[in-house]
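Remarks on the overall topology
If you want the building blocks of each chain, they are given just below.
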Amino acid sequence: MKLRVGDTVIVIAGKDKGRTGEIVQILRKENRVIVEGVNMVTKHVKPTQMDPDGGIIQREAPLAISNVAYYDSKAKAPVKIGYAFNEEGKKYRINKKTGQAIDKKKKK
């Protein structure tokens, strides 16, 4: 799996086709990702001791990983990701269209 949490992706298939967002969570066993602000669903929540109000909430639902692609903000287009090795033999991700390294975003 070449995508990482924090990567900006674009949806390439489905009802939210063309929308972009950041990966919040990756569900590896199901081959799905949760993208911030994409594939929103309405969920009815029962009142509990933790949430005594309950109610109707909006939240992101998982998308199939095959329906998203890495989004290059400079090219404004989806691109494929490849791998390369540096002088020390360490593997890193590259943008296959431009050949430039993809920087890993820092977690907040």
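These lines cover the structure that appears in this document, whether it is placed above or below.

1. Remarks on the overall build of the protein chain
Within the protein chain, the secondary structure is distributed over 0 helices and 10 strands. In the protein chain, the succession of α and β elements from N to C terminus is β-β-β-β-β-β-β-β-β-β. Taking 108 residues into account, the globule formula puts the C-alpha radius of gyration at 13 Å, and the protein chain, at 17 Å, lies well above it. On the principal axes, the C-alpha backbone points of the protein chain span a range of 55 × 30 × 25 Å. Out of the 108 residues in the protein chain, the part that is buried amounts to 31%. If you take every contact in the protein chain between residues at least 6 apart in sequence, the share linking residues at least 24 apart comes to 37%.

2. Quick word on the sheet that holds strand β8 (residues 77-79)
The pairing of strands in a sheet comes from backbone hydrogen bonds and takes either a parallel or an antiparallel form. Spatially, 6 strands are ordered β6-β3-β2-β1-β7-β8 in an open sheet, and the strand pairing comes out antiparallel. The open sheet has two free edges, formed respectively by β6 (63-64) and β8, since each of these has just one partner strand. Bridge analysis of strand β3 (residues 32-35) against β6 gives 2 bridges, and the strand direction is antiparallel. Across the sheet, the residue bridging to Val33 is Leu63, located in β6.

3. With respect to the pattern of salt bridges
Counted according to the given criterion, the structure contains 2 salt bridges. Between Arg93 and Asp7 there is a salt bridge, and its shortest N-O distance comes to 2.8 Å. Residue Arg93 is found in strand β10 (residues 91-95), and its partner Asp7 is found in the segment before β1 (8-11); the two are separated by 86 residues along the sequence. Note on accessibility: Arg93 and Asp7 belong to one class, buried. Two residues, Arg19 and Asp16, come together in a salt bridge whose shortest N-O distance is 3.5 Å. Assessed through its relative accessible area of 40%, Arg19 is described here as partly exposed.

4. As for unusual backbone geometry
Located in the positive-phi region is Asn31, a residue other than glycine, with phi close to 55°. Within the element layout of this structure, Asn31 appears in the loop between β2 (20-27) and β3. Located in the positive-phi region is Lys76, a residue other than glycine, with phi close to 55°. Mapped onto the elements, Lys76 comes out in the loop between β7 (68-72) and β8.

5. Description of a positive patch on the surface
Taken together, the side chains of Lys2, Lys80, Lys91 and Lys96 present a region of like positive charge at the surface. Since its relative accessible area comes to 47%, Lys91 is described here as partly exposed.

The rules behind each value
Residues numbered from 1 in each chain as written. Predicted model: local features only at pLDDT ≥ 70, side-chain atom pairs only at ≥ 80, totals over all residues. Heavy atoms only, no water. Helix = DSSP H or I, 4+ residues; strand = E, 2+ residues; numbered from the N terminus. Rg over C-alpha atoms; globule rule 2.2 N^0.38 Å. Buried < 20%, exposed > 50% of the residue type's maximum accessible area, 1.4 Å probe, protein only. Contact = heavy atoms within 4.5 Å. Pairing = 2+ DSSP bridges. Salt bridge = Lys/Arg side-chain N within 4 Å of Asp/Glu carboxyl O. Patch = residues over 30% accessible without salt bridge, like charges linked within 9 Å, V, L, I, M, F, W, Y side chains within 5 Å. Areas by Shrake-Rupley, 256 points an atom, 1.4 Å probe, with all protein chains shown as cover. Lys, Arg positive; Asp, Glu negative; His and termini not counted. Charge placed at Lys NZ, Arg CZ, Asp CG, Glu CD.

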